[in-house]
Amino acid sequence: MKAIAKQALIIGATGGIGKEIAELLYRMGFDPISAGRDHKKLMTLTRTLGSNATYFVADITNYDQIHHGLLMHRDRRRKDGLENNLQVVVNASGVLHLNDTLESLKHCIDVNLIGTRNTLKLAEEFIEDNGHVGVISSAASLLTLPGKFGSYAASKAAVNTLCNHARISRALLVKNVSVTVAYPQIVETVMANSSEAKQHDVFKVFPHYDPKVVAKKIVEDMLAGKRSSFLSRRDQLLAFVARVAPVTFERLTLKHIERKIRTR
Ligand SMILES: NC(=O)c1ccc[n+]([C@@H]2O[C@H](COP(=O)([O-])OP(=O)(O)OC[C@H]3O[C@@H](n4cnc5c(N)ncnc54)[C@H](OP(=O)(O)O)[C@@H]3O)[C@@H](O)[C@H]2O)c1
């Protein structure tokens with residue numbers, strides 16, 4: 001009997017970690033469905049992901065757009081005589097602002113939080129039994145960092161809470177779907193190289209990780225059905241210390257940044 005091809009939907013696949021995840025899932029035998037806002041980038045990426053790869057253009061903040069995009073994709077497959085078998089849904093989209101304007105907070109909430117809500121809703125409806133959902137949050141949601149990280153960090157902390165609730169929602173529980181939340185530190189992508197980020201002490205002082213390495217760890221943890229994905233034990237330990245001893249963590253972080261800046 002011929003095995004049914006597994007599909008993986010990656011929202012935010014037009015660059016950075018999402019693009020790496022789409023490429024990795026393709027190499028692992030999935031048919032990737034890439035989604036994002038940039039038609040040209042999606043088309044270029046899809047050409048490199050095998051003949052069964054597809055894409056649709058959608059803004060993650062608009063549920064109707066991503067829902068319609070996936071429905072169209074499923075209809076096309078059916079017409080081509082192929083079965084739908086969505087095993088993986090990843091939200092790799094996101095925005096970062098390092099200021100405290102209301103517009104920035106709203107933008108972070110819109111893309112990071114509402115985008116995750118829309119991803120989870122989509123997964124509830126379309127993902128197959130024993131499937132996997134991956135959501136990229138951020139280490140900033142667990143660590144208190146200086147320098148106007150508040151809007152971004154708050155939106156990502158809300159992402160974590162939303163995923164905790166989705167994990168035990170009836171819709172995903174009955175299908176035995178896992179929800180993995182990833183907590184990367186700084187990753188060498190467009191986001192970490194924005195003019196705002198480049199001037200920021202945290203981005204100057206802490207190491208920048210390779211998006212390929214980060215994508216690999218996220219995919220491994222997601223397919224293993226893990227609840228959380230940390231790049232290393234050190235990252236996990238840092239998050240633990242920040243939770244159990246927040247004052248010590250904040251003091252040590254500030255000292256570390258000051259020392260590093262002074263010795264640069
Ligand atoms: N880079 C880091 O240091 C770092 C650290 C921790 C966590 N993260 C998180 O990792 C995830 C991926 O970020 P990245 O580093 O790969 O950054 P990136 O290269 O800037 O990629 C962000 C992706 O999100 C997409 N996106 C933004 N707004 C969207 C919208 N409204 N609808 C659909 N797609 C949208 C972008 O597509 P467009 O081309 O349409 O803008 C892009 O593909 C984000 O959630 C980010 O918060 C990043």
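Residues numbered from 1 in each chain as written. Predicted model: local features only at pLDDT ≥ 70, side-chain atom pairs only at ≥ 80, totals over all residues.

Caption draft 1: Local environment of the sheet that holds strand E2 (residues 31-36). Reading across the sheet, the seven strands line up as E3-E2-E1-E4-E5-E6-E7 and stay open at both edges, with parallel pairing between neighbours. This sheet does not close on itself; its edge strands, each paired only once, are strand E3 (54-57) and strand E7 (228-229). Where strand E1 (residues 7-11) lies against strand E4 (residues 86-91), five bridges are found, and the strand directions are parallel. Bridged to isoleucine 10 within E4 is valine 90. (Pairing = 2+ DSSP bridges. Helix = DSSP H or I, 4+ residues; strand = E, 2+ residues; numbered from the N terminus.)

Caption draft 2: Region of the structure containing the packing of helix H4 (residues 102-126) against helix H5 (residues 150-167). Between H4 and H5, whose axes approach to 8 Å, the crossing angle comes to 15°. Here H4 lies roughly parallel to H5, going by the angle between them. In this structure, the crossing between H4 and H5 has a hand that is right-handed. Judged by residue contacts, Ser104, Leu105, Cys108, Ile109, Asn112, Leu113, Thr116, Arg117 and Leu120 of H4 engage Ser151, Tyr152, Ser155, Lys156, Ala158, Val159, Leu162 and Ala166 from H5. Here the contact of H4 with H5 is built from residues that sort into ten nonpolar, five polar and two charged. (Axes fitted to C-alpha atoms, helices over the stretch in contact; angles between N-to-C directions. Parallel < 35°, antiparallel > 145°, perpendicular 65-115°, else oblique. Left-handed = near helix turned anticlockwise from the far one by under 90°. Contact = placed C-beta atoms within 7 Å. Nonpolar A, V, L, I, M, F, W, Y, C, P; charged D, E, K, R; others polar.)

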